[in-house]
Amino acid sequence: MEDTSAFAKAQTKKIKCAIGFYNLENLFDTKNDPAILDDDFTPGGFKEWNNYKFDKKIKKLSKVISKIGKDDTGTSPSLLGVAEVENKAVLQSLIETDHLEDEGYDIVHYDSPDERGIDVGLLYKKKDFAVHKSEAITLYLETEEGDRDFTRDILYVQGNLLGTEVHILVNHWPSRRKGANETSQKRITAAKKNRKIIDNLVAKKPDARVIIMGDFNDGPHSESIKVHLAKTDFYNPMLYLGTRYEGSLNYNYEWFIFDQILFSNNFVRIYDNELLYEKSDIYNDFYLTEYDGKYKGNPFRTYAGKKYLGGYSDHFPVYTILTATVKV
């Protein structure tokens, strides 16, 4: 009798791919858009933002993106969620730089109602990922006065990653600017909205593979994440990455891991798994950090207040390595 299992194995191969998330720290163009609060990022604005600074920033960011997960995969990420981008045009400029122009990236992006005009988006390699469906899902919040608080949408993308259907949610939750406790309910609301989306997906397809990523402005141990988002059906590898000495961003000399990528449990099933979770990490190579001074080791950012530093971002990217079993 013919050994069909051996034949089947001979017709497949394993490929490692990286999935990342990166807050790009105010990637604005230099034009004034009267519909949003982008005046600071214009040549005559507070930041004195100009074409030279914009070009320098996208070249730096594209270098980073080209290296995320490369030690494991030999190439740039198959998927990269991004935050703090003004529009699709800035992402188009990013993927057309020397570091990325040959990588075959395309973009999923929608303008959000955020007052500053910053959005989330998804970069994907067309040879690795095919988009089947995408939409911007509104996150409705209110101020203490009962007025609508305009914030970033949740980006939902359904597609085929190296032969396997996945559902992706890209987030950028409300900040802690007015205090962590004072703003925590907004992030809990965002977590609950993500759960509603997930529960609806799973109700239709119980084995749906879901990836949640974003800058959550909360850590993996926060109530929003641990109680309302990453329930028993999700694995959050970022629980094990943040320490006193390492994170995805540093504020007031304290490390946080607000940038996270979570996976439904079917990614970590060890048997017969065509898209298997391998590991997660923070991409924080030395060149991405402040070289000296009191902020040594922190992310080398573009601005510190009004002061132009010329760095990359105030966040480090995070990433995960998956192993896909694909047909040949």
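Just so it is clear, the model here is predicted, and its values are computed rather than measured.

Cut-offs applied
Residues numbered from 1 in each chain as written. Predicted model: local features only at pLDDT ≥ 70, side-chain atom pairs only at ≥ 80, totals over all residues. Heavy atoms only, no water. Helix = DSSP H or I, 4+ residues; strand = E, 2+ residues; numbered from the N terminus. Rg over C-alpha atoms; globule rule 2.2 N^0.38 Å. Buried < 20%, exposed > 50% of the residue type's maximum accessible area, 1.4 Å probe, protein only. Contact = heavy atoms within 4.5 Å. Areas by Shrake-Rupley, 256 points an atom, 1.4 Å probe, with all protein chains shown as cover. Lys, Arg positive; Asp, Glu negative; His and termini not counted. Charge placed at Lys NZ, Arg CZ, Asp CG, Glu CD. Pairing = 2+ DSSP bridges. Axes fitted to C-alpha atoms, helices over the stretch in contact; angles between N-to-C directions. Salt bridge = Lys/Arg side-chain N within 4 Å of Asp/Glu carboxyl O. Polar contact = N/O pair within 3.5 Å; in protein donor to acceptor, adjacent residues only side chain to side chain. Arc of directions from axis to C-beta. Expected span 1.5 Å × (residues − 1). Left-handed = near helix turned anticlockwise from the far one by under 90°. Nonpolar A, V, L, I, M, F, W, Y, C, P; charged D, E, K, R; others polar.

Quick look at the overall build of the chain now. Each helix and strand in the chain was counted, giving 6 helices and 18 strands. The C-alpha radius of gyration of the chain comes to 20 Å, within 12% of the 20 Å expected for a compact globule of 328 residues. On the principal axes, the C-alpha backbone points of the chain span a range of 75 × 45 × 40 Å. In the chain, buried positions account for 54% of the 328 residues. Considering only intrachain contacts with a sequence separation of at least 6, the fraction spanning at least 24 residues in the chain is 70%. Counting only carbon and sulfur atoms, one obtains 48% of the accessible surface of the chain, whose full area is about 15,800 Å². Between the mean site of the 45 positive side-chain charges and the mean site of the 51 negative ones, the chain shows a separation of 3 Å.

Strand order in the open sheet formed by 6 strands is 5-8-9-10-14-11, with mixed pairing between adjacent strands. Each of the sheet's edge strands pairs with one partner strand only, and the pair in question is strand 5 (129-137) and strand 11 (234-235). With 7 bridges connecting them, strand 8 (residues 154-161) and strand 9 (residues 164-172) associate as antiparallel partners. Across the sheet, Leu-161 pairs through a bridge with Thr-164, a residue of strand 9.

Neighbouring strands of a sheet are bound in pairs by backbone hydrogen bonds; such pairs are parallel or else antiparallel. Within the open sheet, the 6 strands sit side by side as 3-4-2-1-18-15. Their pairing is mixed. Looking at the sheet topology across the chains shown, the edges are occupied by strand 3 (105-109) and strand 15 (275-282). Strand after strand, the sheet turns through a mean of 20° between neighbouring axes, direction not considered. Bridge count for strand 3 against strand 4 (residues 119-125) is 5 bridges, and the pairing is antiparallel. The partner of His-109 across the bridge, within strand 4, is Gly-121. On the sheet, helix 2 (residues 51-67) packs against strand 1 (12-27), strand 2 (79-85), strand 3 and strand 4 and is oriented at approximately 155° with respect to strand 1. Helix 4 (residues 88-95) contacts strand 1, strand 2, strand 3 and strand 4 of the sheet and is inclined by roughly 165° relative to strand 3.

As enumerated under the stated definition, the model contains 13 salt bridges in all. Measuring nitrogen to oxygen at the nearest pair gives 2.9 Å for the salt bridge that ties Arg-195 to Asp-233. Highlighted residues: Arg-195 in helix 5 (residues 180-204) and Asp-233 in the loop between helix 6 (223-226) and strand 11, separated in sequence by 38 residues. Looking at Arg-195, the relative accessible area reads 7%, which means it is buried. Glu-274 is the partner of Arg-209 in a salt bridge, and the nearest nitrogen-oxygen pair spans 3.8 Å. Here Arg-209, found in the loop between helix 5 and strand 10 (210-215), pairs with Glu-274, found in the loop between strand 14 (259-264) and strand 15; they are 65 residues apart in sequence, far enough to count as distant.

Turning our attention to the environment of Arg-148. Mapped onto the secondary structure, Arg-148 falls in strand 7 (residues 148-149). Once residues lying within four places of it in the same chain are set aside, the contact partners of Arg-148 are Pro-113, Thr-138, Tyr-140, Leu-141, Glu-142 and Thr-143.

Right, let's talk about the side chain of Asn-266 for a bit. Here Asn-266 is to be found in the loop between strand 14 and strand 15. Side-chain polar atoms of Asn-266 contact the backbone oxygen of Asp-207, separated by 3.0 Å. Sequence-distant contacts of Asn-266, that is, excluding residues within four places in its chain, are made with Asp-207, Ala-208, Arg-209 and Asn-273.

Among the residues making up helix 4, those that are buried are Val-90, Leu-91, Leu-94 and Ile-95. Buried residues in helix 4, looked at end-on, bunch into an arc of 135°, giving them a common side. The inward-facing, buried residues of helix 4 abut strand 1, helix 2, strand 2, strand 3 and strand 4. With a side-chain oxygen positioned 3.2 Å from the backbone nitrogen of Ala-89, the residue opening helix 4 is Asn-87.

Let us now look at helix 2. The end-to-end C-alpha distance of helix 2 is 25 Å, a good match for the 24 Å that 17 residues give at a rise of 1.5 Å each. Buried residues of helix 2: Lys-53, Phe-54, Lys-57, Ile-58, Lys-60, Leu-61, Ser-62, Val-64, Ile-65 and Ser-66, and no others. Capping the start of helix 2, Asn-50 holds a side-chain oxygen 3.2 Å from the backbone nitrogen of Tyr-52, two or three residues further along.

Right, let's talk about the packing of helix 2 against helix 4 for a bit. One can describe the packing of helix 2 onto helix 4 by two numbers: an axis separation of 9 Å at closest approach and a directional angle of 65°. As for the relative orientation of helix 2 and helix 4, their crossing is right-handed in sense. Facing helix 2, whose interface residues are Phe-54, Ile-58, Leu-61, Ser-62 and Ile-65, helix 4 presents Val-90, Ser-93 and Leu-94. In terms of residue class, the contact of helix 2 with helix 4 is built from 6 nonpolar, 2 polar and no charged.

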